[in-house]
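Results of the structural survey
Listed here are the chains, written in short residue letters.
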Amino acid sequence: MERETWQNHGAPSGTRHAGEWKMKVRTRFAPSPTGHVHIGNMRAAIYNWLFARHHGGEFLLRVEDTDRERSTPEAIRTLLEAMDWLGLGFDGEALYQSTRMEAHLAAAETLLEKGLAYKEDKGGTGQGECVVFRMPGKDVSFDDGIKGTLSKAAANMQDFVIVRSNGTPVFHLANVLDDIEQEVTHVIRGDDHVENTFRHIALYEALGAEVPKFAHLPMIVNAQGKPYSKRDGDAFVGDFREKGFLPEALFNYLALLGWSPGDDREVMAREELVEVFTLERCQSSPAQVDLRKLTWMNGEYMQKLPAVEFEAICFHALGKEGIDPEPEYAQRVFALVRDRVKTVADIAPMVGFFFSGDFSYDEKAVEKKLRKEGVRGILQQVKALFEALPAFDEADIDRTLHGFVEQAGLGFGAVMPPVRIAVSGQQSGPDLAPLLSVLGRRQVLERIDRTIGAYLQD
RNA sequence: GACCCCUUCGUCUAGUGGCCUAGGACUCCAGGUUUUCAUCCUGGCAACACGGGUUCGAACCCCGUAGGGGUCGCCA
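Since the model is a prediction, treat every value here as computed from it, not as a measurement.

Overview of the domain arrangement of chain A
- As far as domains go, chain A holds domain 1 (1-94 + 170-304), domain 2 (306-353) and domain 3 (363-455).
- Each partner contributes to the interface: domain 1 provides 10 residues, whereas domain 2 provides 11 residues.
- Summed over both partners, the interface of domain 1 with domain 2 buries about 840 Å², with 61% contributed by carbon and sulfur atoms.
- Linking domain 1 to domain 2 there are zero salt bridges.
- Where domain 1 touches domain 2, the interface holds six residue pairs in polar contact (both at pLDDT 80 or more).
- Residue classes in the side of domain 1 that touches domain 2 are distributed as three nonpolar, five polar and two charged.

Next up, the structure:
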């Protein structure tokens, strides 16, 4: 295990606290359920999870559902599903913040009694008095696990509301109190919370609680280098799932977005990530999502999938298209596209023609490769050769095609593409001979005929 | 505007004063895999934001400048 490099807030550097060595690391993910789980938040969850696992500690979930407007059961379900999908299991029971209101209010009462907070009618939107926390009037600084020492002068910090005039606790109070309740030792969250941290530290101290360690992750930005907005649309975990990304791949990619192991490893198993993950190796500048790299990484994971799992995914993908293929045939088809599929979403379009003659032709391919002089004759000759074949297996087809190319004095480029398009409508796909063999002679002949009829009549 | 923070190839990053004529990955380009597309392999293009210091020596330390971001709610 690595050396603990974090200092306790306010502790003289170099000292070791009694019992520190055996203090159990506890991190948490504390999202407010809004129905969409943003990848920025998900990455924070991943880092919390990784950090806890790395230290043999616990990873907790707290649902900050005090905003009754947005926190619907449906939204909570979406959140839980996203975590489950990514394999982010949490320890113990989830804590729902809405159940903690009494404790929050009681704490505010105590602060009031101690003179650490006061009541005030601030006017404006609210009606009546709210409870305001009194900042202690001293500079605050802390050692951020990622950003290093951060400090703020007393003059730049104002008192803030902890209980609304309608009697409900505000985020700062609830968040800090719940972290105390859950005995969170390390708060790893987004950059957008650094300003809050100064206030939170003051709250911890006023509450007489030990201040946890903080670490602030830089933001994730869109392809334009700007913060994600609703407009970008594609930054919710559910979107990535729909686009056909594997959870393990997304997990790996997100882990690498703002962190690196320090060597050249990139495709890393989860256990491997757990083993080497440290906050010290986190980047302190924003990271931009690159869908192409994610896609590449996803392809790596697709290829590593055990055959049965890959097949299950394929069956599922086809099922969603309303295709319920005969298993044995389907397995032979899937094997053909095994190492060319990058995402789950690639599957159905790539193999659809195997299961239905009612496929569409790629217009560009038709124009470029099919509607050309001599193609009709080539297809007819190839068809005749196929008809005459004793068996329609891969080796025979391959031999036939090669023989024909040679005998006709043509290039492969003049023969293979037209045949491929004739039977699949596409200009790319699995190797041609195995493709034809799996498709079967009857279909191949039929499709060649049909293609000639549709596109190559004089 | 105030306060905090950030700045290495297009992107993710390695790099903590000499090993850096800056390494890897994605993308892109070229060639190869007995001449289809893709995969795969090999090679290539491509960066220390700028200006000053400090030092024998700076991507690495200091100071400025520029650009970018976060926060400034009785939201979370």
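Now that the structure is up, let's keep going.
What to know about the protein's contact with RNA strand B
- In the region of RNA strand B, 58 residues are neighbours, and Lys 152, Arg 164, Glu 195, Gly 258 and Glu 266 sit closest.
- Atoms of RNA strand B within 4 Å of the protein belong to the sugar or the phosphate in 73% of instances, the rest to bases.
- Backbone polar atom of Gln 288 to a phosphate oxygen of RNA strand B: 3.1 Å apart, as the coordinates give it.
- If you list the elements that add at least two residues to the surface near RNA strand B, you get β7 (148-152), α4 (171-181), α5 (194-206), β12 (287-288), α9 (291-304) and α16 (412-424).
- The greatest single-element share of the surface near RNA strand B, amounting to four residues, is contributed by α16.
- Its residues placed into classes, the surface near RNA strand B shows 15 nonpolar, 22 polar and 21 charged.

A look at the layout of surface pockets
- In this structure, the largest pocket occupies an estimated 1,200 Å³ of space.
- Every element with two or more residues in the lining of the largest pocket is listed here: β1 (26-29), α1 (39-54), α2 (73-85), α4 and β9 (186-190).
- Among the elements that make up the lining of the largest pocket, the one with the highest residue count is α1 (five residues).
- Roughly 790 Å³ of volume is contained in the second largest pocket.
- Along its surface, the second largest pocket is lined by 29 residues, and Trp 85, Gly 238, Arg 241, Glu 242 and Lys 320 are the ones closest to its centre.
- Looking at the lining of the second largest pocket, the elements with two or more residues in it are α2, α6 (237-242), α10 (307-320) and α12 (344-355).

Some thoughts on the pairing of β1
- Every second residue of β1 is oriented toward a common face, with Arg 26 and Arg 28 on one face and Thr 27 and Phe 29 on the other, all of them buried.
- In the sheet, β1 pairs with strand β2 (residues 58-63) via four bridges, with the strands oriented parallel. Opposite Phe 29, over in β2, you have Leu 61 as the bridge partner.
- Viewed along the sheet, the connection from β1 through α1 into β2 turns out right-handed.

Thoughts on helix α14 (residues 375-388)
- The terminal C-alpha atoms of α14, which comprises 14 residues, lie 20 Å apart, in line with the 20 Å expected from a rise of 1.5 Å per residue.
- All of the buried residues in α14 are Val 375, Ile 378, Leu 379, Val 382, Lys 383 and Phe 386. Burial along α14 is one-sided: seen end-on, the buried residues are contained in an arc of 130 degrees.
- Of the surrounding secondary structure, the elements contacted by the buried residues of α14 are α13 (363-370), α15 (394-408), α16, α17 (432-439) and α18 (441-455).

Brief notes about the nonpolar core
- Counting residues in hydrophobic clusters, the biggest one holds 108 residues, and the most contacted among them are Phe 354, Phe 386 and Leu 436.
- The element contributing the most residues to this core is α1, with 10 residues.
- The contact partners of Phe 354, leaving out residues within four places of it in the chain, are Tyr 329, Val 333, Leu 336, Leu 435, Val 438 and Leu 439.
- With 28 residues, the next largest nonpolar core counts Phe 133, Phe 142, Met 157 and Val 184 among its residues.

Things to note about the sheet that holds β1
- Taken in spatial order, the three strands make up an open sheet running β1-β2-β3, and their pairing is parallel. Two strands lie at the open edges of the sheet, namely β1 and β3 (95-96), each paired on one side alone.
- Across the sheet, α2 touches β1, β2 and β3, and the angle it forms with β2 is around 160 degrees.
- Running at roughly 145 degrees to β2, α4 makes contact with β1, β2 and β3 of the sheet.

So, the sheet that holds strand β8 (residues 160-163)
- In space, the three strands of this open sheet follow the order β4-β5-β8, with antiparallel pairing throughout. Strands with a single pairing partner mark the edges of an open sheet, and in this sheet they are β4 (117-120) and β8. Averaged over all neighbouring strand pairs, the angle between strand axes comes to 45 degrees, with direction disregarded.
- Of the strand pairs in this sheet, strand β5 (residues 130-133) and β8 are connected by three bridges, and their pairing is antiparallel. In the sheet register, Phe 133 faces β8, and the bridge partner there is Phe 160.

Side note on the pattern of salt bridges
- Inspection of the entire model under this criterion finds 22 salt bridges.
- Here Arg 62 makes a salt bridge to Asp 179, at a shortest N to O gap of 2.8 Å. Residue Arg 62 is found in strand β2, and its partner Asp 179 is found in helix α4; the two are separated by 117 residues along the sequence. Across the pair, exposure class does not vary: Arg 62 and Asp 179 are buried alike.
- For Asp 449, the salt bridge is made with Lys 383, and the minimal N-O distance between the two is 2.9 Å. Taken together, the residues Asp 449 in helix α18 and Lys 383 in helix α14 connect sequence positions 66 residues apart.
- Here the salt bridges do not stand alone but share partners, grouping Arg 28, Arg 62, Glu 64, Arg 100, Asp 178, Asp 179 and Glu 181 into one network.

Quick notes on the packing of aromatic side chains
- For the structure on display, the rule yields 15 aromatic pairs.
- A centroid spacing of 5.0 Å and a plane angle of 80 degrees characterise the contact between Phe 315 and Phe 334, whose relative ring orientation is edge-to-face. Of this pair, Phe 315 sits in helix α10 while Phe 334 sits in helix α11 (residues 327-337), and the two are 19 residues apart along the sequence.
- Here the aromatic rings of Phe 359 and Tyr 361 are separated by 5.1 Å at their centres, their planes lie at 50 degrees, and the arrangement is tilted.
- Residue class for Phe 359 comes out buried when judged on its relative accessible area of 13%.
- Through pairs of rings, three or more aromatic residues link up here, namely Phe 142, Phe 198, Tyr 204 and Phe 214.
- Above the face of the Tyr 47 ring, Arg 43 is positioned so that its terminal group lies 5.4 Å from the ring centre.
- Across from the ring centre of Trp 49, 5.3 Å away, lies the NZ or CZ of Arg 270, which sits over that ring.

About the cut-offs
- Residues numbered from 1 in each chain as written.
- Chains lettered and ligands numbered in written order.
- Predicted model: local features only at pLDDT ≥ 70, side-chain atom pairs only at ≥ 80, totals over all residues.
- Heavy atoms only, no water.
- Domains from an automatic or database assignment.
- Contact = heavy atoms within 4.5 Å.
- Buried area = accessible area lost by both parts, 1.4 Å probe.
- Salt bridge = Lys/Arg side-chain N within 4 Å of Asp/Glu carboxyl O.
- Polar contact = N/O pair within 3.5 Å; in protein donor to acceptor, adjacent residues only side chain to side chain.
- Nonpolar A, V, L, I, M, F, W, Y, C, P; charged D, E, K, R; others polar.
- Near = heavy atom within 4 Å.
- Helix = DSSP H or I, 4+ residues; strand = E, 2+ residues; numbered from the N terminus.
- 1 Å grid on protein atoms, 1.4 Å probe; cavity = no way out; pocket = protein on both sides within 12 Å on 5 of 7 lines; lining within 4 Å.
- Points joined across faces, edges and corners; volume = space filled by probe spheres on them.
- Buried < 20%, exposed > 50% of the residue type's maximum accessible area, 1.4 Å probe, protein only.
- Pairing = 2+ DSSP bridges.
- Right-handed = clockwise from strand over helix to strand, strands pointing away.
- Expected span 1.5 Å × (residues − 1).
- Arc of directions from axis to C-beta.
- Core = buried A, V, L, I, M, F, W, Y, C linked by side-chain atoms within 4.5 Å.
- Axes fitted to C-alpha atoms, helices over the stretch in contact; angles between N-to-C directions.
- Phe/Tyr/Trp six-rings, centres within 6.5 Å; stacked < 30°, edge-to-face > 60°.
- Lys NZ or Arg CZ within 6 Å of the ring centre and 35° of its normal.

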